[in-house]
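# Descriptive structure summary
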Amino acid sequence: MQIQFIFHSSYLVEFSRFYLLFDYYQGELPELDPNKELYIFASHVHYDHFSPVVFQLIRKYPNMKFILSDDISEETCREALEELGHEEQAIYWIRPGIEYDFPDLRVHALPSTDQGVSYLVRAEDSMIFHAGDLNDWCWPNVPLSRNQQMRQDYLEALEELKGEMQEMGKKLTGGAVLDAAFLPMDPVLGDGQFRGPLDFLERIDVRYVFPMHMWERYSIGQQFLEQHPEYRKTFRPIRGAGQRFSLDKDRLTEL
């Protein structure tokens, strides 16, 4: 498995037979093998997670499938595809609890604490998780009761994730362990910027965690490790767009 950070919350994950591209709306993509299938995921409608520009990739990579949260406008998507002459292109609409099976790929949608979905994916013999906007959004200057409810919702979502991991992991060599997880780490949250990732790391079996939703303030990853050095083996800070990794089960190498 190869992993590349594209921009903001967008990651490209390459397997032997296909690519997975999450929450792409801008950023430079590498050259892809046109013989491999390209699966496009969008977790929700927010502009920093989805843009119709993603459909333009079909000009270069026609072997594509779109898996989109059902809060995204179907009319907008159909208009974009019609302009490209691909009005018959299938779109797999998804919401929490929906699951799709493709060759060597299973996609299960889980809740978000903001909008849309998060994605648990079994790909070949690996399991990965893209959180979308699932996070403990404990905003400053909002009522305490609101942040308490947010935390409760987030912890409940993590419990649901654990249950789905147990089920999905039955068919994996490594069992119910995430090989990679992509999580929001938003500096706008101030003192609460690390709460969501910490809860995740404490509760979820995961080999490697990669941050996203950093608004290009990439120093946040190193700050996290300075405050929580116990996660140095698991957490991988991002220095900037285009950073690439190769993951072979328990061995992660930066390329």
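Our structure is the block above this text.
Residues numbered from 1 in each chain as written. Predicted model: local features only at pLDDT ≥ 70, side-chain atom pairs only at ≥ 80, totals over all residues. Heavy atoms only, no water.

## Details of the nonpolar core
Across soluble globular proteins, you tend to see nonpolar side chains buried next to one another. Convention followed: The definition of a nonpolar core used throughout is a set of buried Ala, Val, Leu, Ile, Met, Phe, Trp, Tyr and Cys residues joined through side-chain atoms within 4.5 Å. Exposed residues in this analysis have more than 50% of their type's maximum accessible area, buried residues have under 20%, and partly exposed residues fall in between, with area computed by a 1.4 Å probe over protein chains only. The secondary structure listing takes helices from DSSP runs of H or I that are at least 4 residues long and strands from runs of E that are at least 2 residues long, numbered from the N terminus. Any two residues having at least one pair of non-hydrogen atoms within 4.5 Å are treated as being in contact.
Among the nonpolar cores identified, the biggest contains 89 residues, and I3, L20, F55, V121, F129, L178 and F200 are the most heavily contacted of them. If you tally residues by element for this core, the top one is helix α2 (residues 144-168), at 6 residues. Residues within four places of F55 in sequence aside, it is in contact with F50, F66, L68, C77, A80, L81 and L84.

## Quick word on the pattern of salt bridges
We count it as follows: A side-chain nitrogen of Lys or Arg and a carboxyl oxygen of Asp or Glu constitute a salt bridge if their distance falls within 4 Å.
Per the stated rule, a full pass over the model turns up 15 salt bridges. Salt-bridge contacts for K60 lead to E31; the nearest nitrogen and oxygen are separated by 2.6 Å. Taken together, the residues K60 in the loop between β4 (37-42) and β5 (64-69) and E31 in the loop between β3 (18-22) and β4 connect sequence positions 29 residues apart. For K60, a relative accessible area of 46% corresponds to the partly exposed category. Measuring nitrogen to oxygen at the nearest pair gives 2.9 Å for the salt bridge that ties R203 to D199.

## Side note on the pairing of strand β12 (residues 209-212)
Applicable threshold: By convention a crossover is right-handed if, when the strands point away from the viewer, the path from the first strand over the helix to the second runs clockwise.
Because side chains alternate across β12, one face comprises the buried residues V209 and P211, and the other comprises F210 and M212, equally buried. Between strand β11 (residues 180-184) and its parallel partner β12, the chain crosses via helix α3 (residues 195-203), and the hand of that crossover is right-handed.

## What to know about α2
To keep things clear, this is the line we draw: Expected span of a helix: the number of residues minus one, times 1.5 Å.
The terminal C-alpha atoms of α2, which comprises 25 residues, lie 36 Å apart, in line with the 36 Å expected from a rise of 1.5 Å per residue. Buried positions along α2 lie against β7 (99-102), β8 (105-111), β9 (117-123), β10 (126-130) and α3.

## Focus on the sheet that holds β12
Using the following cut-off: When DSSP finds two or more bridges between a pair of strands, those strands are recorded as paired. Helix axes are fitted only over the stretch in contact, all axes being lines through C-alpha atoms; the angle between N-to-C directions runs from 0 to 180 degrees.
Strand order across the open sheet formed by 6 strands is β7-β8-β9-β10-β11-β12, with mixed pairing between neighbours. A strand with exactly one partner marks an edge of an open sheet, and here the two such strands are β7 and β12. Strand-to-strand twist across the sheet, computed as the mean angle between neighbouring axes with direction ignored, equals 15°. Note that β9 and β10 share 5 bridges and pair antiparallel. Its bridge partner lying in β10, V121 is registered against I128. Contacts between α2 and the sheet are confined to β7, β8, β9 and β10, with β8 contributing the most and set at about 165° to the helix. Lying over the sheet, α3 contacts β10, β11 and β12, oriented at roughly 155° with respect to β11.

## Observations concerning the environment of E37
Defined as follows: For this analysis, a polar contact is any N or O atom pair within 3.5 Å, provided that within protein one partner can donate a hydrogen and the other can accept it, and provided that sequence-adjacent residues contribute only side-chain to side-chain pairs.
In this fold, E37 is placed in strand β4. Sequence separation of E37 and K65 is 28 residues, and the distance between their C-alpha atoms is 7.7 Å. In this structure E37 touches R17, F18, Y19, N63, M64 and K65, once residues within four positions along its chain are discounted. Side chain to side chain, E37 and K65 meet in a polar contact 2.7 Å long.

## Some points on unusual backbone geometry
Across the chain, the bulk of peptide bonds are trans and the bulk of non-glycine residues have phi less than zero. Positive phi is not limited to glycine here, since D104 has a value of about 60°. The backbone phi angle of H213 is positive, close to 60°, even though this residue is not glycine. As for its placement among the helices and strands, H213 is situated in the loop between β12 and α4 (219-227). Here H213 falls in the buried class, since its relative accessible area comes to 4%.

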